[in-house]
Amino acid sequence: ASQRPSLPSMKAAYRQWLSATTPDQVRHLSDLLGLRTDSLRRLGFAWAPPHRAWAIPMFTAAAELCGLRLRSEAGDKWCVTGSKQGLFLPDGDVPDLLTELLIVEGPTDCAALLDVGLYGVGRPSCSGGHDLLLPLARGRDVVIIADRDEPKRRPDGSLWSPDQEGAERLAEHLFGRCHTLKVIKPLVGKDTRKW
């Protein structure tokens, strides 16, 4: 039977992958995704040979590593066994003096914000990260950027938009706990990175 890795062994594996990741590998990913290499580095992208994928650290609201998201070069996403869902934090922390918090879905949308000089936090999915974001949003101006997904059809025939509804649920969760709150979606493209 396979055994779930402990958090210390996951952290050790990640440190090893990060130190072995070459600038050429990061440049290749940068070209593939259309994102700057420094933005990918700030989010901790590391090539994980055992998984043949990129590992991106996920953090608790207290900036403690809690898991690793994996992303293949084809765009498939999964997590290292034993990971807990967490936030994608540039430089592994949220600056204390930050007054505006932009919230996007996933690490590549977060990197896209960094590319244009904005600080953002990536949540693990369109429906995840509510409780993790609460302490980070407190007292700040918050902008949730929802993906612009194609509507999905329910079995009863009605349409729904998981990304838009997920952003609205997050806004309801944060309402009254932050200074100001807005939900927006990209003017063009399906997500922040394409926008």
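Heads up: these notes are all about the structure in this document. It should be emphasised that the depicted structure is a prediction, and the values quoted were computed from it without experimental measurement.

Along the backbone of the chain there are 6 helices and 10 strands. For 195 residues, the compact-globule estimate of 2.2 N^0.38 gives 16 Å, and the C-alpha radius of gyration of the chain, at 17 Å, lies within 12% of that figure. Overall, the C-alpha framework of the chain stretches about 45 × 45 × 40 Å when taken along its three principal axes. For the chain, buried positions account for 46% of its 195 residues. Here the chain has roughly 10200 Å² of accessible surface; of this, 52% comes from carbon and sulfur atoms.

As defined by bridge partners, strand β5 (residues 100–105) adjoins strand β7 (residues 141–145) across 4 bridges and the pair is classed as parallel. Within β7, the residue paired with I103 across the bridge is I144. Relative to strand β6 (residues 120–123), β5 runs parallel, the two sharing 4 bridges. The residue of β6 that forms the bridge with I103 is V121. Viewed along the sheet, the connection from β5 through helix α4 (residues 107–115) into β6 turns out right-handed.

Our focus in this paragraph is empty space enclosed by the protein. Per the counting criterion, the structure on display carries 1 cavity of 30 Å³ or more. Of the volumes computed, that of the largest cavity is approximately 60 Å³. Taken together, I103, V104, E105, R123, C126, I144, I145, A146, D147, D163 and A167 form the lining of the largest cavity. Counting residues per element, the ones that place at least two in the lining of the largest cavity are β5, β7 and α6 (162–174). For the lining of the largest cavity, a count of residues per class yields 7 nonpolar, no polar and 4 charged.

Considering only enclosed or pocket space, the largest pocket measures out at about 280 Å³ in volume. Forming the boundary of the largest pocket are 16 residues, of which R71, K77, E105, T108 and D191 lie nearest the centre. For the lining of the largest pocket, the secondary-structure elements that each account for two or more residues are β3 (65–71) and α4. By residue number, the principal contributor to the lining of the largest pocket is α4, which donates 3 residues.

Right, let's get into the packing of aromatic side chains. Summed over the entire model, instances satisfying the criterion amount to 1 aromatic pair. Ring plane angle 70 degrees and centroid distance 5.5 Å describe the contact between W47 and W54, whose orientation is recorded as edge-to-face.

Bringing the pattern of salt bridges into the picture now. Applying the stated criterion across every chain yields a total of 4 salt bridges. In this structure, D24 engages R27 in a salt bridge whose closest nitrogen and oxygen atoms are separated by 2.1 Å. With D24 and R27 both in helix α2 (residues 23–33) and 3 residues apart, this pair spans about one turn of that helix. For R27, a relative accessible area of 42% puts it in the partly exposed group. We note a salt bridge from R42 to D91, for which the minimum N-O separation is 2.7 Å. Of this pair, R42 sits in helix α3 (residues 37–42) while D91 sits in the loop between β4 (77–79) and β5, placing them 49 residues apart in sequence.

Parameters at a glance
Residues numbered from 1 in each chain as written. Predicted model: local features only at pLDDT ≥ 70, side-chain atom pairs only at ≥ 80, totals over all residues. Heavy atoms only, no water. Helix = DSSP H or I, 4+ residues; strand = E, 2+ residues; numbered from the N terminus. Rg over C-alpha atoms; globule rule 2.2 N^0.38 Å. Buried < 20%, exposed > 50% of the residue type's maximum accessible area, 1.4 Å probe, protein only. Areas by Shrake-Rupley, 256 points an atom, 1.4 Å probe, with all protein chains shown as cover. Pairing = 2+ DSSP bridges. Right-handed = clockwise from strand over helix to strand, strands pointing away. 1 Å grid on protein atoms, 1.4 Å probe; cavity = no way out; pocket = protein on both sides within 12 Å on 5 of 7 lines; lining within 4 Å. Points joined across faces, edges and corners; volume = space filled by probe spheres on them. Nonpolar A, V, L, I, M, F, W, Y, C, P; charged D, E, K, R; others polar. Phe/Tyr/Trp six-rings, centres within 6.5 Å; stacked < 30°, edge-to-face > 60°. Salt bridge = Lys/Arg side-chain N within 4 Å of Asp/Glu carboxyl O.

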